[in-house]
Protein chains: 4
Amino acid sequence: MLRVGIVGASGYTGSELMRLLLTHPEQVELTCVTSRTFAGQGVDRVLPNLRGLLDLEFENPDMEEVAGKTDIVFLGLPHKSSMAFAPKLLELGVKIIDFSADYRLRNADVYEKWYQKHTSPHLLEGAVYGLPELHRPEIRGASLVANPGCYPTGAILALLPALKAGIVELDVIIVDSKSGISGAGRTAKEVTHFPNRSENSTAYSIGSHRHAPEIEQELSRAMEKDVNVCFVPHLLPMTRGILTTAYLKLSKAISAVELLGIYSQHYEGEPFVRVLDEGEIPQTQAVRGSNYCDIGVEIVEESRIAVVISAIDNLTKGASGQALQNMNIVAGFDETAGLLYPGLMP
Amino acid sequence: MLRVGIVGASGYTGSELMRLLLTHPEQVELTCVTSRTFAGQGVDRVLPNLRGLLDLEFENPDMEEVAGKTDIVFLGLPHKSSMAFAPKLLELGVKIIDFSADYRLRNADVYEKWYQKHTSPHLLEGAVYGLPELHRPEIRGASLVANPGCYPTGAILALLPALKAGIVELDVIIVDSKSGISGAGRTAKEVTHFPNRSENSTAYSIGSHRHAPEIEQELSRAMEKDVNVCFVPHLLPMTRGILTTAYLKLSKAISAVELLGIYSQHYEGEPFVRVLDEGEIPQTQAVRGSNYCDIGVEIVEESRIAVVISAIDNLTKGASGQALQNMNIVAGFDETAGLLYPGLMP
Amino acid sequence: MLRVGIVGASGYTGSELMRLLLTHPEQVELTCVTSRTFAGQGVDRVLPNLRGLLDLEFENPDMEEVAGKTDIVFLGLPHKSSMAFAPKLLELGVKIIDFSADYRLRNADVYEKWYQKHTSPHLLEGAVYGLPELHRPEIRGASLVANPGCYPTGAILALLPALKAGIVELDVIIVDSKSGISGAGRTAKEVTHFPNRSENSTAYSIGSHRHAPEIEQELSRAMEKDVNVCFVPHLLPMTRGILTTAYLKLSKAISAVELLGIYSQHYEGEPFVRVLDEGEIPQTQAVRGSNYCDIGVEIVEESRIAVVISAIDNLTKGASGQALQNMNIVAGFDETAGLLYPGLMP
Amino acid sequence: MLRVGIVGASGYTGSELMRLLLTHPEQVELTCVTSRTFAGQGVDRVLPNLRGLLDLEFENPDMEEVAGKTDIVFLGLPHKSSMAFAPKLLELGVKIIDFSADYRLRNADVYEKWYQKHTSPHLLEGAVYGLPELHRPEIRGASLVANPGCYPTGAILALLPALKAGIVELDVIIVDSKSGISGAGRTAKEVTHFPNRSENSTAYSIGSHRHAPEIEQELSRAMEKDVNVCFVPHLLPMTRGILTTAYLKLSKAISAVELLGIYSQHYEGEPFVRVLDEGEIPQTQAVRGSNYCDIGVEIVEESRIAVVISAIDNLTKGASGQALQNMNIVAGFDETAGLLYPGLMP
């Protein structure tokens, strides 16, 4: 029996993880969930969709107590907060899957530039970037998995096969991402105010979003050279889903069918990446609530540009589903356990 | 192994049922799905959320062939079409769970008034109205289960305990229901056109909706006297969910807590009806994609009116989840098999 | 030239009013808008839809200054805040149209029960409830107009003709209102968080909403007897619009056509109430951004219940449009000046 | 008095145009609106937002009759249908503003490639592409104005200043456009079915949308050389609005402020293009229902890419507002007459 805990469980990543853990078929027990805000309250009173399905109370986050009850802990904390908990938990022998950005960037200087000074830089080297399609072997033995950001998951999966195939010019990599509002988290803010978002669309953080260095790090490592990405996120009037439209300048002429072949081959055997047929275009609804990443490709010949589109649910493959996938790998379970659910459509 | 078929599988009830059957834990095999429109096409090409999860093609609906491959068949056909298939299938020894209204109304004259002349009225007596909370024992032995309408499911579950408790005046029963657009089915029509529904709300079929006689029939049977209901459905700018606000004139003073007690006791042991705590009000999102019906109650003292609110997902508890619940009962499975999933929230 | 000011101008009522004032055809000049939050900033930088259309800065609210520049002031302040400004402004000779509830309830005890102790109860008697369809003559000479709440506007206009006609039983008056989210104001809160509202519907404040006493006060005054209303507001996943479905128990048999006749006659000559034809049902989109209130009626014969439905835009006829209508009346302008715009549809 | 007609008036372009004409301050009279579907019905019964504001019936489209009553006619017809009406009307001395694509492409072969064989190619040379910011002088004297497509309006206005300034490489021009659903027209189709679009986002017609040749034609004419554009349209879950994100590879280093300067200067004096301040990003809601095009720019330095974003309402500046702007120019009215309305926000 794998004893599982979630620190910072009342946010979207935590609640989505609980939703998924409830139907996990392997020997998994959710033993401990913490939330400062809701300590002492029943989980299924705070999260009404879980009512009757989970008999557990939120606790205050005491690391000794948490470590005593768990083998693996998910950290559903804000950026900058995770690094206050992770070192202690690791010391107490608990494995960690961290939802925050605190251990995603391997270079402490880069982290400091985008976030703040890192307080446990010695852990960065051992941390594994938890994108199974890229780092499955390292995840297997990891004690600290840095679960990828939602945008990077959609972007890296869309970009990598074309880059690895050596068919694109690396100086024009454009990632136009469109996200649902749940990506902004559970806390109400002006930007998530319903009247501000309904019947509205806009871009934000153009070229300056914190997920850009994460995308660039992983592409650069994979390509073994510096890769820059022009990343522009947008907000759409919907709750879940990220549609990523990537534009790649081709270095040689190639047909859509050939490009599709590159993607199909690259992702052969991957349980959660579905490369669509020729002419099919991903849509976020098809993966809503599921751990799949759907990918479609097209070539705009006159411009010699490959258009690669990926669709994920930002809370599932973009967060909690992927975290569970990582847990399965770490624990030696079937990687797909508890994750083979279709999207909720319509 | 229970061999299951779906006739008319490409509509919303069929596709939602496939979504649920995919993760059914009992010995169930989906052997046959028919669709005139999509015959010959792979199910997971027509329904992209199922991609990679189901290896089956839509067939043309040939009843002999269907009967040869199945023990139980769901009819996901339009009203008036089911009765063209049901008699033959029953004759061939297959059990039926029918999504249409064709066998819900026990009186052929009432059916004729609201739909058209019934072509197999002899089957009406043996058909069972498939609301497990009301007719579980009869469903167990049924060959033909008439799966309830979405509105009636939400309305009957909200009304019944108060009526049975004898605390309301039967001449003022008002049901104000608010539905998501998927209730109108998969086919695009003017009323489902996105620009007509987004940022819009309206009522329709005031006092003349076909679900009214269905609600009245079941309440009248339960009360053993004629019960009239003032039923007004509304369309909301959302895809799934029915929120039903029922107004009942109290025949005697009663507190909200007492009323809650009546509801809690009535639904004790029911796996899919969740009576909320005092002061809690159901919301459709909490049951989205799930088979739960959440119920909350309140008393408006000055008016001596009980307000009872229920929330269901019209495609799940209001259609396919309930149909699966009926299948579980008919097949002797655990009634909750494949249905204990929380709602997708947010 | 009528010099107009808005105190608390950055909220939804203030910004909607500015939108409308921009195209007002009469001699009206917006001379002063205050906002503590945005003092010193250009209005068209804070409200990007107004960009290039209005050359004015938000000021801090200094009543002497405001009074010096204006003949009439709209108070777009929260409940309980208006009464801190109104007495002084009135003293300084400025007329007031108040968006808050502070002067709507004529009885200071009722106000205290629902809000807090009133600090200027002596002004209540002279304040006029600004529903022109009900109090046009008094509005004409008023110094202090209490602009009605959004729900009461839709509810009173729907209920009044039937009540005045003496055809309904006064002990069963049910008002089921469905509102867009902008009714909750400009400030982001948990209840207005996009992921909490999109694809969701719920009721709130059942029988305990502050607009209930307002509805009851006006109906009671009109009927010259105590009238109780069972009022249940709901939140819909849309930004603007209130659809009110009123249920009235008929005291005598009457046809829908007769009832329609009562409504048409009652509202004959009213510029902003549109009684729809037989069989037509109001929808919120048809009045979006406009000052119209659309009304439709139907009879559910078996239940002897009249269903009356009204649709308004909560920010326009439910707030700023009506306030401008009141200003027109107070100022002696054509009552419809600047308000004869059709709804934005789709 | 300018007598105005609309042929094909019941579609979105026609109804939006009527909404705007209702408050046009100049001497304009709408004398004739045609619709085969609704002939004989009152306009304000078919379009409930216009109720009480317009006393006119839809007629069958008889060109002689139309010409007898009008000085200028808007053709709100589908592509390929306009060219069946335009020649006759021109012959009868009526001026035309055509919403369809039939006279937008100057080359009949290009038209044939994307649509079908052109039946009045002799009119192409005299037709003027009705983007006032580009062709104002020619519009003034035109008899036949081809009103631009919605996507091209947003794209050309976003691209032109940078291209004309000679700061971009012409081989990488990427236009990622996001549109509301009303762009698909009034007729319900599978792609506009609410459950298919709500909580969903996708791309379509990648590199093959009919608006691409239109964008390329106008840019090529302006640049006097062939310009290719990689154009990818997307559908967002909203009704109105197009957000266009254009990516341009810079041929020389330039700051965001400098780029902003280029745009501000280019559009100086333009009444309907609003270049935002540094750091401001357009949003579709700010222009909803208005004739404005908001533009913001940013530079992603590492990639040397300029990101230019424009926001329009596809039905207003993207169709009927622009058509009215063209009418004003043709008729010699103030170009802004009836168009200086702010967006409906929220």
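Presented here is an overview of the structure given in this document. Owing to the predicted nature of the structure, the values given are computational and were not obtained by experimental measurement.

Turning next to the interface of chain D and chain C. The partner chain C presents 35 residues to the 35 residues of chain D that form the contact. At the boundary of chain D with chain C, total buried surface from both sides reaches about 2900 Å², with 59% on carbon and sulfur atoms. By the criterion of area lost to chain C, the three top residues of chain D are Arg51, Leu344 and Pro346 of chain D, representing 23% of everything that side buries. The interface formed by chain D and chain C holds 6 salt bridges in total. Across the pair aspartate 277 of chain D and arginine 51 of chain C runs a salt bridge, and its minimum N-O distance is 2.8 Å. On inspection of chain D and its partner chain C, the count reaches 18 residue pairs in polar contact (both at pLDDT 80 or more). Within the residue set of the side of chain D that touches chain C, elements represented by two or more residues are α1 (12-21) and β12 (273-275) of chain D. Grouping the constituent residues of the side of chain D that touches chain C by class yields 17 nonpolar, 8 polar and 10 charged.

Moving on, we get to helix α4 (residues 82-91) of chain A. Residue and element names in this part refer to chain A. The set of residues buried in α4 consists of Ser82, Met83, Phe85, Ala86 and Leu89. The buried residues of α4 occupy one face: seen down the axis, they fall within an arc of 160°. Within α4, the exposed residues directed more than 90 degrees away from the buried face are Ala84 and Glu91.

Bringing the environment of proline 132 of chain C into the picture now. All names here are of chain C. By the element assignment, proline 132 lies in helix α6 (residues 132-140). Remark: the alpha-carbon pair of proline 132 and proline 152, spanning 20 residues in sequence, is separated by 13 Å. Proline 132 has contacts with Ile139, Lys317, Gln322, Gln325, Asn326, Ile329 and Glu335, leaving out every residue within four places of it along the chain.

With that settled, the discussion passes to the relation of the copies chain D and chain C. Mapping chain D onto chain C is achieved by rotating through 180° and translating by 0.0 Å along the same axis, at an RMSD of 0.0 Å. Such values leave the two copies arranged in the relation of a two-fold axis. Most of the interface of chain D is mirrored in chain C, where 100% of its interface residues are also at the interface.

As a further point, take the packing of aromatic side chains. All names here are of chain A. If you walk through the whole model with that rule in mind, you get 26 aromatic pairs over all chains. Arranged with centres 5.2 Å apart and planes meeting at 70°, the rings of tyrosine 151 and phenylalanine 231 form a pair that is edge-to-face. Here tyrosine 151 is found in helix α7 (residues 150-164), whereas its partner phenylalanine 231 is found in strand β10 (residues 230-235), with 80 residues between them in sequence. There is no split in this pair, since tyrosine 151 and phenylalanine 231 are both buried.

Bringing the relation of the copies chain A and chain D into the picture now. What connects the two chain copies is a rotation about an axis and a shift along it. The two copies are related by a screw operation: chain A maps onto chain D through 180° of rotation and 0.0 Å of translation along the axis, at an RMSD of 0.0 Å. Comparing interface residues between copies, 100% of those in chain A also lie at the interface in chain D; the contact surface is shared.

Taken together, Glu169 and Asp171 of chain A together with Glu169 and Asp171 of chain D make up a surface patch of like negative charges. Of all the elements in the fold, those that place two or more residues in the negative patch are β8 (168-179) of chain A together with β8 (168-179) of chain D.

As for its position among the elements, glutamate 199 of chain A is in the loop between α8 (194-197) and β9 (202-203). For the buried glutamate 199 of chain A, no salt bridge is present, and the opposite-charge side chain at shortest range is arginine 288 of chain D, 4.1 Å distant. Of the polar contacts made by the side chain of glutamate 199 of chain A, one reaches the backbone nitrogen of arginine 240 of chain D; its length is 3.3 Å. Excluding its chain neighbours within four sequence positions, the residues that come into contact with glutamate 199 of chain A are Pro237 of chain A, Phe194, Ser198 and Glu199 of chain B together with Met238, Thr239, Arg240, Thr284, Gln285 and Arg288 of chain D.

This brings us to the sheet that holds strand β8 (residues 168-179) of chain C. All names here are of chain C. Taken together, 7 strands build an open sheet; the order of strands is β9-β10-β8-β11-β14-β13-β12 and the sheet is mixed. Either end of the sheet is taken by a strand with one partner, and the two such strands are β9 (202-203) and β12 (273-275). Sheet analysis places strand β13 (residues 293-300) next to strand β14 (residues 305-312), joined by 7 bridges and oriented antiparallel. Across the sheet, residue isoleucine 299 finds its bridge partner in β14, namely alanine 306.

Of note, the bond from methionine 345 of chain A into proline 346 of chain A is cis; its omega dihedral lies within 30 degrees of zero at 0°. A positive phi angle, close to 50°, is found at glutamate 199 of chain D, a residue other than glycine. Residue glutamate 199 of chain D is classed as buried on the basis of its relative accessible area, which comes to 3%. Even without glycine at this site, glutamate 224 of chain D takes up a positive phi of about 55°. A residue is classified by how much of its surface remains accessible, and glutamate 224 of chain D, at 73% relative accessible area, is exposed.

Residues and elements named next belong to chain A. Strand order in this open sheet of 7 strands is β3-β2-β1-β4-β5-β7-β6, and the pairing throughout is parallel. Looking at the sheet topology across the chains shown, the edges are occupied by β3 (58-59) and β6 (128-129). As paired elements, β6 and strand β7 (residues 144-146) share 2 bridges and run parallel to each other. Each residue of the ladder has a partner; that of tyrosine 129, found in β7, is alanine 146. With respect to the sheet, helix α11 (residues 316-331) is in contact with β1 (2-7), β2 (28-34), β4 (72-75), β5 (95-98) and β7, its orientation differing from that of β4 by roughly 160°.

Summed over all chains, the structure comprises 77 salt bridges over all chains. Across the salt bridge formed by lysine 249 of chain C and aspartate 171 of chain B, the nearest N and O atoms sit 4.0 Å from each other. Taken together, the positions of lysine 249 of chain C in strand β11 (residues 242-250) and aspartate 171 of chain B in strand β8 (residues 168-179) put the pair across two chains. Here the salt bridges share partners, and the residues they tie into one network are Asp44, Arg45 and Arg51 of chain A together with Asp277 and Glu280 of chain B.

Here is what the cut-offs are and how they apply
Residues numbered from 1 in each chain as written. Chains lettered and ligands numbered in written order. Predicted model: local features only at pLDDT ≥ 70, side-chain atom pairs only at ≥ 80, totals over all residues. Heavy atoms only, no water. Contact = heavy atoms within 4.5 Å. Buried area = accessible area lost by both parts, 1.4 Å probe. Salt bridge = Lys/Arg side-chain N within 4 Å of Asp/Glu carboxyl O. Polar contact = N/O pair within 3.5 Å; in protein donor to acceptor, adjacent residues only side chain to side chain. Helix = DSSP H or I, 4+ residues; strand = E, 2+ residues; numbered from the N terminus. Nonpolar A, V, L, I, M, F, W, Y, C, P; charged D, E, K, R; others polar. Buried < 20%, exposed > 50% of the residue type's maximum accessible area, 1.4 Å probe, protein only. Arc of directions from axis to C-beta. Least-squares fit on C-alpha atoms with pLDDT ≥ 70 in both. Phe/Tyr/Trp six-rings, centres within 6.5 Å; stacked < 30°, edge-to-face > 60°. Patch = residues over 30% accessible without salt bridge, like charges linked within 9 Å, V, L, I, M, F, W, Y side chains within 5 Å. Areas by Shrake-Rupley, 256 points an atom, 1.4 Å probe, with all protein chains shown as cover. Lys, Arg positive; Asp, Glu negative; His and termini not counted. Charge placed at Lys NZ, Arg CZ, Asp CG, Glu CD. Pairing = 2+ DSSP bridges. Axes fitted to C-alpha atoms, helices over the stretch in contact; angles between N-to-C directions.

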